[in-house]
Amino acid sequence: MSLLTIGTVAFDSIETPYGKVEKVIGGACTYISWSASYFMNDIHLVSIVGEDFPKDELAALEQRGVNLDGLEIVKGGKSFFWAGKYHNNMNSRDTLATDLNVLADFNPILPEKAKSCEYVMLGNLTPSIQAQVLDQLDGSQKLIALDTMNFWMDIAMDELKAVIARVDLLTINDEEARQLSGEHSLVQAAEIILAMGPKYLVIKKGEHGALMFFEGKMFFAPALPLAEVFDPTGAGDTFAGGMMGYLAMTDEISFENMKRALIAGSAMASYCVEDFSLNRLKTLDKAQVITRIEAFKKLMDFDFPLDF
Ligand code: AMP
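The structure displayed is predicted, hence computed values, not measured ones.

Participant: What exactly am I supposed to notice about the overall build of the protein chain here?
Facilitator: Along the backbone of the protein chain there are 11 helices and 13 strands. Taking 19 Å as the expected radius of gyration for a compact globule of 308 residues, we find that the protein chain reaches 18 Å, a close match to that expectation. In terms of its C-alpha atoms, the protein chain occupies a principal-axis envelope of roughly 70 × 40 × 35 Å. Across the protein chain, the fraction of contacts at a sequence separation of at least 24, relative to all contacts at a separation of at least 6, is 66%. With an accessible surface of roughly 13400 Å², the protein chain has 51% of that area assigned to carbon and sulfur atoms.

Now the structure itself:
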């Protein structure tokens, strides 16, 4: 199966209690695509960068099976730039800069092959652009997922709600779920959000794992407790990429397979946070991915005789 990935391809400057990096490779779509590439390799990326984006980074994506026909490179343009600083608990952060640059004039044109991808991951991006991508799909999709963040809720809530109504799966973090629904309880928030349109909702809770809601059912995937978390940037996107890559690879959309996809995403995210930028994700191999999934199986495994 093929996967269409959309979102930012960007530069980030990041500060965590472990250090500071300037203008490193980031972007929601970059993390999604790298992560998905460990499960399948028919990936079509649609995004925009400036001429300043390193060519070898694009070549590395292509080597992972990511088709870049849908990547617009703007002559003389500057790529999207985001800067953030994490608090000591690493679970919350302040955005210091969001420079849209070439993203401000992005008008995505989907290559023919991208229009018929069975699986679609609309990564974090201007909601009206996410909608423009949906308008160009050929209608044959099996699963369309969307990720977003508080930034867009603050400045484009109506457009965001309109695009959420058109997707099958929404992934957001706990604070964003509260903002979107106006409810503090995540269970009640989930009910309100599912009534907005998506069949599946995944609420990410950082180091506290992720919750999935579907037709009155719930599933919880923990995050793997790690001795050191260097940089949580991109963990949500890496999670989404792993989840969608696994779903596209297995081509089965059921609550049971979604559970496995949540673990696949959690395993990839647990690697992402071990280093800055995409450094750790780029050095993985399939055996390491499998080892990490095994670690999750062990973490979640217990026997409890109920005949006491
Ligand atoms: P995450 O930590 O999963 O929220 O993703 C962080 C990545 O999202 C960074 O690499 C940024 O380049 C990118 N990003 C930050 N803010 C935005 C935004 N408003 N829209 C799209 N992408 C963003």
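Participant: I keep staring at the site of the ligand and nothing clicks. Help me out?
Facilitator: Taken together, the neighbourhood of the ligand is formed by 20 residues, with D12, G27, R93, G234 and D237 sitting nearest. The contact in question runs from a nitrogen atom of the ligand to an N or O atom on the side chain of T8, over 2.9 Å. Starting from 500 Å² of accessible surface for the ligand in isolation, the protein chains cover 94%. Looking at the shell around the ligand element by element, the count peaks at three residues for helix α8 (residues 235–250). Per-class residue counts for the shell around the ligand are 10 nonpolar, seven polar and three charged.

Participant: I'm lost on the packing of aromatic side chains in this one. Help?
Facilitator: Here the distance between the centres and the angle between the planes together describe a pair of aromatic rings. Within this structure, the stated rule accounts for eight aromatic pairs. Between F151 and W152 the ring centres are 4.7 Å apart and the planes differ by 90 degrees, which places this aromatic pair in the edge-to-face class. On the accessibility criterion, F151 (26% relative accessible area) is partly exposed. An angle of 5 degrees between the planes, with centres 4.2 Å apart, marks the rings of Y200 and F214 as stacked. Taken together, the positions of Y200 in strand β11 (residues 200–204) and F214 in strand β12 (residues 210–214) put the pair 14 residues apart, joining distant regions of the chain. One exposure class covers both Y200 and F214, and it is buried. By way of ring pairs, the aromatic residues Y18, F230 and F276 are connected into one cluster. Its guanidinium or amino end placed over the ring of Y271, R292 lies 4.0 Å from that ring's centre, counting from NZ or CZ.

Participant: I keep staring at the layout of surface pockets and nothing clicks. Help me out?
Facilitator: Rolled over the atoms, a probe with the dimensions of a water molecule shows which regions are left empty. Put simply, the second largest pocket is a space of about 150 Å³. Residue lining of the second largest pocket: Y38, F39, Y246, M249, K286, V289, I290, I293 and E294, and that is the complete set. Counting residues per element, the ones that place at least two in the lining of the second largest pocket are α8 and α11 (286–300). Broken down by element, the residue count for the lining of the second largest pocket peaks at five residues, all from α11. Looking at the lining of the second largest pocket residue by residue, the classes come out as seven nonpolar, no polar and two charged.

What counts and what doesn't
Residues numbered from 1 in each chain as written. Predicted model: local features only at pLDDT ≥ 70, side-chain atom pairs only at ≥ 80, totals over all residues. Heavy atoms only, no water. Helix = DSSP H or I, 4+ residues; strand = E, 2+ residues; numbered from the N terminus. Rg over C-alpha atoms; globule rule 2.2 N^0.38 Å. Contact = heavy atoms within 4.5 Å. Areas by Shrake-Rupley, 256 points an atom, 1.4 Å probe, with all protein chains shown as cover. Near = heavy atom within 4 Å. Polar contact = N/O pair within 3.5 Å; in protein donor to acceptor, adjacent residues only side chain to side chain. Nonpolar A, V, L, I, M, F, W, Y, C, P; charged D, E, K, R; others polar. Phe/Tyr/Trp six-rings, centres within 6.5 Å; stacked < 30°, edge-to-face > 60°. Buried < 20%, exposed > 50% of the residue type's maximum accessible area, 1.4 Å probe, protein only. Lys NZ or Arg CZ within 6 Å of the ring centre and 35° of its normal. 1 Å grid on protein atoms, 1.4 Å probe; cavity = no way out; pocket = protein on both sides within 12 Å on 5 of 7 lines; lining within 4 Å. Points joined across faces, edges and corners; volume = space filled by probe spheres on them.

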